[in-house]
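Fold and geometry: a report
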Amino acid sequence: MAESIDLIVTDLDGTLWNAEERIHQRTLEAVMGLESRGLPLLAATGRRLRSAATILARSDLFPPTVALDGAMGRELATGRSFHECTFELEAGTQVLKAFRRRGVEPCVYVDLPQVEVFVGECPSTSSRHLANIGSWLGRGDLDRVVAEERVFAFGVAAGDPVTLTAVIGDLGGWASGTVTRDLYYGGATLMVRPRATSKWEGVLAWCADQGLDPGRVLAVGDGENDIELLSAAAVSCVVSDGCEAALALADHVIEPATQGGWSAIIDLLG
């Protein structure tokens, strides 16, 4: 299969690493083995960029990364941006209204020198989520943030899935949203990004940047936010404990991250 693949794209949470953010040794060895085969790796995640980069760096991994479910793409090794998609003012305003209509105060994701996420006085996201953002968290008037800053995404972690799904129903075509199971904080996570934005759009941007054929992509994922990616890839590999919608798209099913299932990619490549 290796001769028909130009790029490996992998989700992170529940795919490359487990719920404790640990990469199995077999998985790590397999990722390292891609270089000797001349196959590049692209990470694609719903996480904010710095969060993903911090965990990857623990294993000396610095792949180019599509973050925030496709709203942002950066080379971790250099900091160079290869993809950005932000909300226009009216769209951002309408998204904020959709959250508030359901009594939810979201996180607003930006890209400032000292702030990656803004929240208001009473954020609906998990307190543990806020603690993990740490010093990159800013507090302020979200209406001002939407009006004055470049907004990449809105989100809530550890929310009620019914309420978060209702928010998506209220978006009215102004944006794209996905509710996923939350492996870390419990409940569900909602990420809302600019309309028609997905991980696959970030993959297309990287392929265009690098002169790679997007028709020769092998994708690995497990969640609802991987659906566009898995649907568009030439070969789709899905973790066995992934969501039903992802498993329905699988060309190959691999073992869970806890068992180093990602290492099967090397075997598939032959």
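It should be emphasised that the depicted structure is a prediction, and the values quoted were computed from it without experimental measurement.

Definitions and cut-offs
Residues numbered from 1 in each chain as written. Predicted model: local features only at pLDDT ≥ 70, side-chain atom pairs only at ≥ 80, totals over all residues. Heavy atoms only, no water. Helix = DSSP H or I, 4+ residues; strand = E, 2+ residues; numbered from the N terminus. Rg over C-alpha atoms; globule rule 2.2 N^0.38 Å. Contact = heavy atoms within 4.5 Å. Lys, Arg positive; Asp, Glu negative; His and termini not counted. Charge placed at Lys NZ, Arg CZ, Asp CG, Glu CD. 1 Å grid on protein atoms, 1.4 Å probe; cavity = no way out; pocket = protein on both sides within 12 Å on 5 of 7 lines; lining within 4 Å. Points joined across faces, edges and corners; volume = space filled by probe spheres on them. Nonpolar A, V, L, I, M, F, W, Y, C, P; charged D, E, K, R; others polar. Buried < 20%, exposed > 50% of the residue type's maximum accessible area, 1.4 Å probe, protein only. Pairing = 2+ DSSP bridges. Phe/Tyr/Trp six-rings, centres within 6.5 Å; stacked < 30°, edge-to-face > 60°. Lys NZ or Arg CZ within 6 Å of the ring centre and 35° of its normal. Salt bridge = Lys/Arg side-chain N within 4 Å of Asp/Glu carboxyl O. Arc of directions from axis to C-beta. Core = buried A, V, L, I, M, F, W, Y, C linked by side-chain atoms within 4.5 Å.

**Digging into the overall build of the protein chain**
Scanning the protein chain for helices and strands turns up ten helices and 14 strands. Rg of the C-alpha trace for the protein chain: 18 Å, near the compact-globule value of 18 Å for 270 residues, within the 12% margin. Taken along its principal axes, the extent of the C-alpha atoms in the protein chain is 55 × 35 × 35 Å. A sequence separation of at least 24 residues applies to 60% of the contacts in the protein chain between residues at least 6 apart. Positive and negative side-chain charges in the protein chain, numbering 22 and 37 respectively, have mean positions lying 4 Å apart.

**Let's talk about the layout of surface pockets**
A volume near 750 Å³ is recorded for the largest pocket. As for the largest pocket, its lining consists of 36 residues, of which D13, G46, R47, Y184 and Y185 are closest to the centre. Residue classes in the lining of the largest pocket are distributed as ten nonpolar, twelve polar and 14 charged. By volume, the second largest pocket is sized at about 280 Å³. Lining the second largest pocket are 14 residues, and of these V31, E35, L39, L41 and P63 sit closest to its centre.

**Things to note about the side chain of H129**
Tracing the sequence through the fold places H129 in helix 4 (residues 127–133). Those residues in contact with H129, other than ones at most four positions away along the chain, are C107, Y109, A157 and Y185.

**As for the pairing of strand 11 (residues 188–194)**
Looking down a regular strand, the side chains alternate between one sheet face and the other. A large share of strand 11 lies buried, amounting to seven of its seven residues. Relative to strand 11, strand 9 (residues 153–159) is paired through four bridges, and the arrangement is antiparallel. Its bridge partner lying in strand 11, F154 is registered against V192. Relative to strand 11, strand 10 (residues 175–181) is paired through seven bridges, and the arrangement is antiparallel. Counted as the bridge partner of G177 is V192 from strand 11. As consecutive antiparallel partners, strand 10 and strand 11 are separated by six residues, and within that stretch G186 has a phi angle of approximately 90°, a positive value.

**Topic: the packing of aromatic side chains**
Summed over the entire model, instances satisfying the criterion amount to three aromatic pairs. Geometrically, the ring pair formed by F87 and F154 is edge-to-face, given 5.2 Å between the ring centres and 75° between the ring planes. Within this pair, whereas F87 is found in the loop between strand 5 (81–84) and helix 3 (89–101), its partner F154 is found in strand 9, the two being separated by 67 residues in sequence. Note on accessibility: F87 and F154 belong to one class, buried. The side chain of R50 reaches across the aromatic face of W136, ending 3.5 Å from its centre. Geometry around F118 places R144 over its ring, the cationic atom sitting 5.9 Å from the centre.

**Remarks on the pattern of salt bridges**
Across all of its chains, the model carries 22 salt bridges by this definition. A salt bridge links R74 to E84, with the shortest nitrogen-to-oxygen separation between them at 3.1 Å. Residue R74 is found in strand 4 (residues 72–74), and its partner E84 is found in strand 5; the two are separated by ten residues along the sequence. Taking the relative accessible area as the measure of exposure, R74 reaches 11% and is therefore buried. The class for E84 is partly exposed, based on a relative accessible area of 36%.

**Digging into helix 2 (residues 49–58)**
Along helix 2, the positions that sit buried rather than exposed are L49, S51, A52, I55 and L56. When helix 2 is viewed along its axis, its buried side chains cluster within an angular range of 165° and face the same direction. Buried residues along helix 2 sit against strand 3 (65–67) and strand 4. Following helix 2 by one or two positions, D60 has its phi on the positive side, about 60°.

**Regarding the nonpolar core**
Counting 44 residues, the largest nonpolar core has L68, L218 and W262 as its most contacted members. Residue contacts for L218: discarding those within four places in its chain leaves M1, I5, L7, I8, V9, V235, C237, I265 and L269. Core analysis: the next-biggest nonpolar cluster, separate from the first, contains 25 residues, A91, L142, V145 and L164 among them.

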